[in-house]
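One-letter residues, chain by chain:
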Amino acid sequence: MTTRIDTRFAALKKEGRAALVTFYMGGDPDPETSLKVIKALPKAGADLIEIGMAFTDPMADGPTIQAAGLRALSKGITLEKTLHLVREFRKDDNETPIILMGYFNPIFIYGVEKFLADAKSSGVDGLIVVDCPPEEDDELCKPALKAGLNFIRLATPTTDEKRLPKVLQNTSGFVYYVSIAGITGAARPDPQKVAASVARIKAHTTLPVTVGFGVRTAADAAEIAKTADGVVVGSALVEAVRQSLHADGRPTELTMGAVTSIVEDIAKGVRSVKK
Amino acid sequence: MTIQQSLNSFRTGPDETGHFGNFGGRFVAETLMPLILDLEKAYAEAKADPAFEAELKSFHTHYVGRPSPLYFAKRLTEHVGGAKIYLKRDELNHTGAHKINNVLGQILLARRMGKTRIIAETGAGQHGVATATACARFGLKCVVYMGAVDVERQKPNVFRMKMLGAEIVPVVSGSKTLKDAMNEALRDWVTNVHDTFYCIGTSAGPHPYPMMVRDFQSIIGKEAREQMLEREGRLPDSLVACIGGGSNAIGLFHPFLDDKSVEIYGVEAAGHGVASGMHAASLNGGKPGVLHGNRTYLLMDGDGQIAEAHSISAGLDYPGIGPEHAWLHDTGRVTYLSTTDNEALDAFQLLSKLEGIIPALEPAHAIARAVEIAAKKPKDHLMIVNLCGRGDKDIFSVAEHLGGMA
Ligand SMILES: Cc1ncc(COP(=O)(O)O)c(C=O)c1O
């Protein structure tokens, strides 16, 4: 099985540069605006897109992404509508990989088999589900692989040498290295430690390794792009959108520009590194 | 054949992957997974070490004041005119609730593991107070996450925790109650993996917590069993306990699960009534889902978004329940009932006036159903109600609810 994710990473490898992976919360600040944002991401320089599936209790997320999820929920986002965003996006982009990221409960309630089938037919390429570690692979990971979706696993600073093979075992698409022990949008990663960890993971797998959590600026991104195959930016984007909103949460004429300018800027950082 | 008939024992769970039937498990972020595996290993080692048990026992005797009495509630029994009602008086424990049983076990374990910083979530503040107490006793740093709403309605406990040297972090995310405190504690743990031990206050969370907390709380049921045999020469006929996450209840129930003659009742918080949608009764008004590291019954909407729980009792105000209870519910071994806010307030006053014991609002929920069940039983029926906490922490909020009357 080859997904858009595999194809994109292979193409970037030829191009000799790292990928910019952007995370954006589906439905934030409202479903229509979030669709506009997601549609604008590839042109601004995003190579892969992660769409957050809003959840009331995101235990690995910091205040920025928590708030984005709650904004989206207050404007009526559901898992069904998040899949609809993907279908709309696919109408004029059949290349950019889409990865849904979130927590297990909404998927479990939607029904795992039905969700996987609907995700696949909507044009989703992969899943990142934070609270499904390898110990729970029977729940979602294995059914997802069977349904033709990539299951992208998180490796973290606490994943030691002994555990790494277990984490990598059923991982596909790419490996997402969480650069810090912590929640999204919190501490800044230490580039030297990240480089060592990426090298450690690469010794165990041929999959591309992307790095996320705490990356905010073009300089951060460039630093990480030297060693990793991809750089993930999330909270910085979400925060830029939040700052552009009216006090009551409605988008302003600045909202779209706020997203595209930060993505363009960080993309420059990523693309400045030739490999 | 029902599931119940097909099981030889209700006391062997969880399996090695932390499941009670379909419930439980380890649904946590990868960052925490190695920590949870470490904890599982350390707990298994401690459990096998007689020195650990001896140390825990010594603290139970000299610090907590165990065994707690099994008290025959004569006037309550006469008032009801049915079963003989006994109260298992865990409200007499140091710090005023059953929570200390579990905390001492976990803190002794944390010390064995070389952890120096303890975090906890708390609802009513009883688990927070117990944790702050044990941390003071062992000179450990203590950070307690508490929903901002609960900080407001359980002020006496907030003050106690501060006196004991704990740092209180009011949680303003989400519904600002217990579930959000648990989210924040998990976020802290993900961030401070090296020195921090997460001391969970109820029989929920990822494996091995539900099992470990149950084991530490089972002292309640073990004692009650011996005490009843000594007093009446036979086992009780029924057990009643309130359910927040379910730790006091599983502690009382577990040693009796295989005694088929013992009827077992768990009591959830019905808030304004299960039909109103404003309640905390996950078994009676929820369905299975995944939150806080385990699969269990949860309150949620049709899209899997977690709903806010509602209860007058901060300690029961949680939209989930420990996975072992979910399993005991599905197998039919335990019957789960519920009590509304108003019924709990009535029971709170009833016990205070008849027995001179002011219960916490949490066990007042158990008292309300116990009185009703006892009324229908013959006079030789022996019932044990878990009086798992005292009401000092609640007097101000109860006074507010009762208006001028108090
Ligand atoms: C006195 C008392 N009883 C019961 C509970 C509910 O917890 P659990 O169901 O774990 O016993 C609490 C929780 O704060 C409590 O303080």
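Quick note: structure is the one above.
Residues numbered from 1 in each chain as written. Chains lettered and ligands numbered in written order. Predicted model: local features only at pLDDT ≥ 70, side-chain atom pairs only at ≥ 80, totals over all residues. Heavy atoms only, no water.

Q: What should I look at first to understand the environment of Gly289(B) in this one?
A: Tracing the backbone through its elements, the reader meets Gly289(B) in strand E11 (residues 287-291). Since its relative accessible area comes to 0%, Gly289(B) is described here as buried. Between the C-alpha atom of Gly289(B) and that of Glu226(B), which follows or precedes it by 63 residues, the distance is 37 Å. In this structure Gly289(B) touches Asn105(A), Phe108(A), Asn294(B), Arg295(B), Thr296(B), Leu298(B) and Met300(B), once residues within four positions along its chain are discounted. (Helix = DSSP H or I, 4+ residues; strand = E, 2+ residues; numbered from the N terminus. Buried < 20%, exposed > 50% of the residue type's maximum accessible area, 1.4 Å probe, protein only. Contact = heavy atoms within 4.5 Å.)

Q: Please clarify how the site of the ligand should be interpreted in this entry.
A: Residues and elements named next belong to chain B. Taken together, 18 residues surround the ligand, and among them Thr202, Gly244, Gly246, Ser247 and Asn248 come closest. Between an oxygen atom of the ligand and a main-chain N or O atom of Gly246, the distance comes to 2.7 Å. For the shell around the ligand, the residue count by class is six nonpolar, ten polar and two charged. (Near = heavy atom within 4 Å. Polar contact = N/O pair within 3.5 Å; in protein donor to acceptor, adjacent residues only side chain to side chain. Nonpolar A, V, L, I, M, F, W, Y, C, P; charged D, E, K, R; others polar.)

Q: Sorry, what's going on with the nonpolar core here?
A: As a rule of thumb, soluble globular proteins bury nonpolar side chains together. Phe115(A), Leu127(A), Leu140(A) and Tyr176(A) are the most contacted members of the largest nonpolar core, which has 164 residues in total. Excluding anything up to four places from it in sequence, Leu140(A) contacts Phe104(A), Ile107(A), Val112(A), Leu116(A), Leu127(A), Val129(A), Cys132(A) and Phe151(A). Membership of the second largest hydrophobic core comes to 37 residues, among which are Cys242(B), Tyr265(B), Val267(B) and Val398(B). (Core = buried A, V, L, I, M, F, W, Y, C linked by side-chain atoms within 4.5 Å.)

Q: For this particular structure, what's the right way to read the packing of helix H15 (residues 341-355) of chain B against helix H16 (residues 361-375) of chain B?
A: How two helices sit against one another is set out by the angle between their axes and by the gap between those axes. Residue and element names in this part refer to chain B. Remark: H15 packs on H16, axes separated minimally by 8 Å, with the N-to-C direction vectors making an angle of 90 degrees. Put simply, H15 runs roughly perpendicular to H16. For the pair H15 and H16, contact is made by Glu343, Ala344, Leu345, Ala347, Phe348, Leu350 and Leu351 and by Leu361, Ala364, His365, Ile367, Ala368, Arg369 and Val371, respectively. Partitioning the contact of H15 with H16 into residue classes produces eleven nonpolar, one polar and two charged. (Axes fitted to C-alpha atoms, helices over the stretch in contact; angles between N-to-C directions. Parallel < 35°, antiparallel > 145°, perpendicular 65-115°, else oblique.)

Q: Would you mind going over the interface of chain A and chain B with me for this structure?
A: Where the parts come together, the accessible area they lose is often given as the size of the interface. Each partner contributes to the interface: chain A provides 35 residues, whereas chain B provides 35 residues. Of the roughly 2,800 Å² buried between chain A and chain B on both sides combined, carbon and sulfur atoms contribute 56%. In terms of surface lost to chain B, no three residues of chain A exceed Asp57(A), Met59(A) and Thr158(A), which account for 22% of the buried area on that side. Between the two partners, chain A and chain B, sit three salt bridges. A salt bridge links Lys179(B) to Asp57(A), with the nearest nitrogen and oxygen atoms 2.8 Å apart. Here chain A and chain B share 16 residue pairs in polar contact (both at pLDDT 80 or more) between them. Of all the secondary structure elements, the ones that give two or more residues to the side of chain A that touches chain B are helix H3 (63-74), helix H5 (104-110) and strand E6 (154-155) of chain A. Per-element tally for the side of chain A that touches chain B: the top contributor is H5(A), with five residues. (Buried area = accessible area lost by both parts, 1.4 Å probe. Salt bridge = Lys/Arg side-chain N within 4 Å of Asp/Glu carboxyl O.)

Q: How should the layout of surface pockets be read in this particular structure?
A: The method is simple in principle: a probe with the dimensions of a water molecule rolls over the atoms, and the space it marks as empty is what remains. All names here are of chain B. Size it by volume and the largest pocket reaches roughly 640 Å³. Around the largest pocket, the lining is made up of 24 residues, and of these Glu53, Leu56, His60, Ile219 and Lys222 lie nearest the centre. Tallied by class, the residues present in the lining of the largest pocket amount to eight nonpolar, five polar and eleven charged. (1 Å grid on protein atoms, 1.4 Å probe; cavity = no way out; pocket = protein on both sides within 12 Å on 5 of 7 lines; lining within 4 Å. Points joined across faces, edges and corners; volume = space filled by probe spheres on them.)

Q: Would you explain the pattern of salt bridges in this entry?
A: When charged atoms on two side chains of opposite charge get close, those side chains can pair. Tallied over the entire structure, the rule returns 47 salt bridges over all chains. Salt-bridge contacts for Asp28(A) lead to Arg71(A); the nearest nitrogen and oxygen are separated by 2.7 Å. Of this pair, Asp28(A) sits in the loop between strand E1 (19-25) and helix H2 (31-44) while Arg71(A) sits in helix H3, and the two are 43 residues apart along the sequence. Accessibility expressed as a relative area gives 16% for Arg71(A), which makes it buried. A salt bridge links Lys141(B) to Glu167(B); the nearest nitrogen and oxygen atoms lie 3.7 Å apart. On the criterion of sequence distance, the pair formed by Lys141(B) in strand E6 (residues 141-147) and Glu167(B) in strand E7 (residues 167-171) is long-range, its members being 26 residues apart. Taken together, the salt bridges that share partners define one network made up of Glu15(A), Arg17(A), Asp47(A) and Arg271(A).

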